[in-house]
Every structure is written in C-alpha cells, then in structure tokens.
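# Examining the three-dimensional arrangement
Here is how the chains run, residue by residue.
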Amino acid sequence: MSRGATTALLATVLYGGLLAWSVAWRRASLEPADGVVGGAAEPGSGGAEGGSAPALRAASLAAEFAGGRWEVEGRVGGTESAQRLRAGFAATAPGAEVVGEIVGRDDVEVPEWADAVVGWLPQQQRGIREGSGLAVLDGQLIVAGAVYSDAEREALLAAAEDQFAGSGLQVVGELTVVEPPAPAQLEIAEVGEGGMRLAGRLREREVLQRLLEIIDEFSGGMPVDEQVEAGDGVAAAAWGMPLLQVVPGLLAEVGGLHLSVEGDAVTLRGEVAAEETRAALEEMAGQAFEGLAVRVDNQLTVAVPPVPPHVVLSVGERGGLRIAGLLGSAEAARGIEAAVRQQLEICGDGAQLEGAIEVRGRGVEAAPWVGAFTNLVAPFAAAASWGALSVHGDEVALEAEVADPESGDVLTVLVENAFPEPAFKRVIEVSVVQPEGPSDEDLAELERLVGETVIYFDSGRAEPRAGSDAALSALARGLVKVPGAGLALIGCADPSGDPAANRRLSQRRCEAVREALEGHGVDFLLMEIEVRGEVAGGDDGGRRYESARRVQFELR
C-alpha cells in the first residue's frame, strides 16, 4: 500500500469512525453544555425541576492525537470523571496539549471505564505508530491508528482486552498495518579538495536546512553535494536537533571530517591537532546527546606533526661515499642517490654507495632544497677527502677536509650560493689540514659503544634516568674520534597505553638524548631520530616493561 493510500485510510478511520458520532450526539443534545470543565458542565446544571428523574444517558468519549496534542470530545457523569479523563490525556506525553470538551453532566451515567481509559492511554501511545485515536460508544472501546505489523496489532488488542476486562466495554480494533518508515540516517564528510558531502534520510526538513546553513557558515562557503531524502517516509530523528549543536565544533576543529549517524551510533572520524581537542569534542557530543539512546563512537585521531627532512652525504677515510637521511619523496631520494652513484663511477676506484635515504610517503615536511643538494654532490665528492655535507630542515652543515685552499674556497662558495641566508642557517668548516683518520681501534670502540649503550626511561617520562649522562658522554667521545659517523637514535616505548601517544613519547625521548649528545660535542646533523614506538618487554625481574622504555643506537 502506498503512503498516500495509507494516509487516506487513516483519515477515514479516525474522522469517520471516531469523530462523526461525536457530532451526532452533540446535535441530539437538547440542553446547552453550560458549566464545563475546560469546557465541561458542573453538576446540577441539567435535569428537570420536580417529578421523577429522567433515565441517565450513556457516557461516551472520542479522542485523536496529532501534532503533539489531543483533540477530545465526550460526555460523562460528574465533573470528577471529566477532570480525571482530561488529566489522563495530558499525562500521555511531556507537554501534551488537550483541546476540546469533556462534558461532566448530571444526566449522564458515571463511567465505570474512566480509570481503565486513563491507565490504557500510555500503552496505546507506545503501541500505535501513527494516527492514534480511541472512542467509547455504545458499550464499545474503539482503538484506532496504524501499526507496523500484524504481530503489533494482535499484541496491542490483547493488551487492551486485559486492560478493559471487567469494565463492561467490548474492545474493537480499527488498526491498520502500514509499512514502517525508513530509519533516519545522516553522513557529513569532507570530499576532494574543499568540498563536503551531505547524504542520508531525514524527516525534519528544518534540520536539513539548518545543517546546510551551518556548513556554509563554518566551511567558508565550500561546495556541498547534498543527497538527503527529507520528509514523509522517514522516521523522526530524535538526534536531529542535538546534532546541530555538535556540527559547528567539528567543522572548526576536525580535518578530513567524516561524521555518520546510523541506528544508535554517532561516529566521528578525522584528525585534530591535540589530544585535548579530541577529548573536548567527545565531551561536547556526549552532552548534546545526553538522555537519548545514542552512543558516541569517537574515532578522531591526533595529528602527528611532520618531521623535518634531512640528508647527510659523507666521505670516509677510504674515499667511499655514504648517504643517509629521510625524505617524503621517493623521486627526490632516487635523484640524490643516482648523482652519488654517478660520481663514484667517475672516480673509478670501485667504491660502492653505502647507506640509503629512507622515504616516507606521509609525515615528512617538503624538502625544496633537494635540487640544490643534488647539484652539490659532484663538487663535494671531488673536493673533500674527508667530511660531510648535511641538510636538516633549514639547517645546513659542511665539515670537510680539502687538499688545497682553492678547492675549499670554491666548495664554500657553492654551498653558500645553494643555501643562502637567512632562508638557511649555515655552519661551514672547511680545513686544508689533513687530520689522521680514525684508527681501527677507534672504529671498533665506537661500534662497541653504539651496540652496548642503551638509555632507559621511567614510565611516561621523556627524561633519561639519573646516571645516563656518563654513558652518553662515553658514546660522544667515541663519535668525535670517528668524524662523519652518522648515529641513529631509536626511540622505544612499552606496549601499555595509546599507540599514538607512545610514538610521541618515543620521539620526545630521542630528542632529549640528542640534546644531551649535542652538549657533549656531537654534531646535530649527524644524528637522526627513528621512532619505533611500542616494543615488547619482559617482566624485568618484577619491573614490568622496564626494558622496553629505552633509546638505543645504530651507526648509519
């Protein structure tokens, strides 16, 4: 059955089956309905003077619920019954309005069914889905409206039979089974470059219109692809108006926003700048939907700030070239490594490229200086017999030994032109003095120190434990004896707690160790940070996960 046909049938049932008889008995009443209670007559206003009392008329009642209010008509014996019935209708829903007259008269019988009707009204309102109405006439209780299944219809009539057993009324069901409305659902998502999609189903057109206004206001007028079915055929959304309180904050604070409401779940996805923002948005949503059967599923993630790109090119004592670093572009990394390989081929001594540049597609800042660095590979390799050229973000360092002053001057000028101040901070140290390279003993000692040195931390802390400085000082002395040696600082955390927070904590631990090594004379640009995050850890003799909270080292 179409929804239009269903509506017409309900109208016929309600108005024809319930209210037409009300008009008939009012027209048949010869006396005016004076002294009404909310329009109901006071006792003693009817009846003849002297003589025998006429027979009492049968009490009757008709009511229909629509638009949040009851429209009632009825006549009962006495003001008390009229007041009790009227109060029963008002109590069926918060703020329910009752319009129309329930007349209390002396010439009408006091209804035995009044209390049963008052007790029945809440059940009827819960059971009937659309067009609730009832009538009491000629010894019958007529229950009218629409339900969503035969099972609901039978259950409601069975409950009415139980409620009115012994009241003298026969229960008559004028209940129509209609197709249930589609559940309300909504999706708000950022799509493409500067666009929004709004899709789903809503009954309340005013909610849809207000959502469009909010998106336009808080998104700077970005285009909206609106695909929302609104109006009849959709169930009412109790979460509609509360949602309007949440959306402005989400639009203002969440990148890549994806909000969906389906069933009893409100799901939030996207990126926020800080954990405090994530918690505040979750609390705001909880308050907005408080009292509703709605669960907030907060899947917002905290954005991790991108790390600066860096590249180090170094020349060892045997003349080989080593490359290391971190870039966000695989093409850029391949370009630098190709230039290094080409230079090794030109040298023709059979040396191989050592190391590689790590590439991360996300989480690394742009490196606009890659082209300038690539152009310096050949002159640096040709002039420097030992040393390193490195770029870390906007910091450039050149430390090199050259065979003659002229080569050193040319290399210095090339670096200065490629990385001009103030866009870059430069540290250039070029020497023509040929220092002795590190001995085999120095190299072996450095490898031992790097392999054996581990810095531990207390749970949740980013400061090295007391006593760590001695180990860091020894490691720094070993590094200084092997110029150009790169050092990887690998930050770890125990597996308890939030993984994203553990990665941030690992980053801070590495930064604290790097700062300490700088204080002992290690070049900042020769140190790179690798965040490993959570690692497994044993009981450590009763100190659970203690060994997992560490910074360890690798030569690069």
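Preceding this section is the structure that the text describes.
What comes next concerns the included structure. Note that the coordinates shown come from a computational prediction; the quantities given were computed from them, not determined experimentally.

The next subject is the overall build of the protein chain. Counting secondary structure elements, the protein chain contains 13 helices and 22 strands. Considering only contacts in the protein chain between residues 6 or more positions apart, those separated by 24 or more positions represent 70%. For the protein chain, the computed accessible surface area is about 26900 Å², with 50% contributed by carbon and sulfur atoms.

Our next topic: unusual backbone geometry. The omega torsion across glutamate 421 and proline 422 is 0 degrees, close enough to zero to call that bond cis. Notably, aspartate 138 is not glycine yet its phi reads approximately 55 degrees, a positive angle. As for its position among the elements, aspartate 138 is in the loop between strand S4 (130-137) and strand S5 (140-147). Judged by its relative accessible area of 70%, aspartate 138 falls in the exposed class.

Taking 1.5 Å per residue, 14 residues should reach 20 Å; helix H3 (residues 114-127) reaches 20 Å between its end C-alpha atoms and fits that length. The largest bend along H3 reaches roughly 35 degrees and is located at tryptophan 120, with the proline proline 122 sitting one to four residues downstream. Burial in H3 covers these residues: Ala114, Ala116, Val117, Trp120, Leu121, Gln124 and Gln125. Buried-residue contacts for H3 involve strand S1 (60-66), strand S2 (69-77), helix H2 (79-90), S4, S5 and helix H4 (150-163).

We now examine the nonpolar core. Core analysis: the largest hydrophobic core is formed by 36 residues, its most contacted members being Leu186, Ile188 and Trp239. If near-sequence neighbours (up to four positions away) are discounted, tryptophan 239 is found in contact with Ala184, Gln185, Leu186, Leu202, Val261, Gly263, Phe289, Leu292 and Val294. Among the nonpolar cores identified, the runner-up in size contains 33 residues, and Val340, Phe373, Val377 and Val402 belong to it.

This part covers the sheet that holds strand S3 (residues 97-105). Strand order in the open sheet formed by 6 strands is S3-S2-S1-S4-S5-S6, and the pairing between neighbours is mixed. The open sheet is flanked by S3 and strand S6 (170-177), the only strands paired with a single partner. For this sheet the average axis-to-axis angle between neighbouring strands, irrespective of direction, equals 10 degrees. As paired elements, S4 and S5 share 6 bridges and run antiparallel to each other. Each residue of the ladder has a partner; that of alanine 135, found in S5, is isoleucine 142. Across the face of the sheet, H3 comes into contact with S1, S2, S4 and S5 while running at roughly 155 degrees to S4. Each of S5 and S6 is contacted by H4, which is oriented at about 160 degrees to S6, the strand it contacts most.

Enumeration over the complete set of coordinates arrives at 23 salt bridges. With a closest N to O distance of 2.9 Å, aspartate 494 and arginine 549 form a salt bridge. With aspartate 494 in the loop between strand S20 (487-493) and helix H13 (499-519) and arginine 549 in the loop between strand S21 (527-534) and strand S22 (550-555), this pair connects stretches of sequence that are 55 residues apart. Put simply, Glu528, Glu530, Arg532, Glu554 and Arg556 are held in one network by salt bridges that share partners.

Here we have 4 strands laid out as an open sheet, ordered S19-S22-S20-S21, and mixed in their pairing. Only two strands of the sheet have a single partner each, and these edge strands are strand S19 (455-456) and S21. Sheet strands touched by H13: S19, S20, S21 and S22. Its angle to S21, the strand with the most contacts, is close to 150 degrees.

Where helix H8 (residues 330-347) meets helix H9 (residues 370-383), the closest approach of the two axes is 9 Å, and the angle between their N-to-C directions is 15 degrees. By the angle between their axes, H8 is roughly parallel relative to H9. Our pair here, H8 against H9, has a crossing hand that is right-handed. Between H8 and H9, the residues in contact are Ala332, Gly335, Ile336, Ala339, Val340 and Gln343 and Val370, Phe373, Thr374, Val377, Ala378, Ala381 and Ala382, respectively.

What counts and what doesn't
- Residues numbered from 1 in each chain as written.
- Predicted model: local features only at pLDDT ≥ 70, side-chain atom pairs only at ≥ 80, totals over all residues.
- Heavy atoms only, no water.
- Helix = DSSP H or I, 4+ residues; strand = E, 2+ residues; numbered from the N terminus.
- Contact = heavy atoms within 4.5 Å.
- Areas by Shrake-Rupley, 256 points an atom, 1.4 Å probe, with all protein chains shown as cover.
- Buried < 20%, exposed > 50% of the residue type's maximum accessible area, 1.4 Å probe, protein only.
- Expected span 1.5 Å × (residues − 1).
- Bend = angle between axes of the 7 residues up to and from the residue.
- Core = buried A, V, L, I, M, F, W, Y, C linked by side-chain atoms within 4.5 Å.
- Pairing = 2+ DSSP bridges.
- Axes fitted to C-alpha atoms, helices over the stretch in contact; angles between N-to-C directions.
- Salt bridge = Lys/Arg side-chain N within 4 Å of Asp/Glu carboxyl O.
- Parallel < 35°, antiparallel > 145°, perpendicular 65-115°, else oblique.
- Left-handed = near helix turned anticlockwise from the far one by under 90°.

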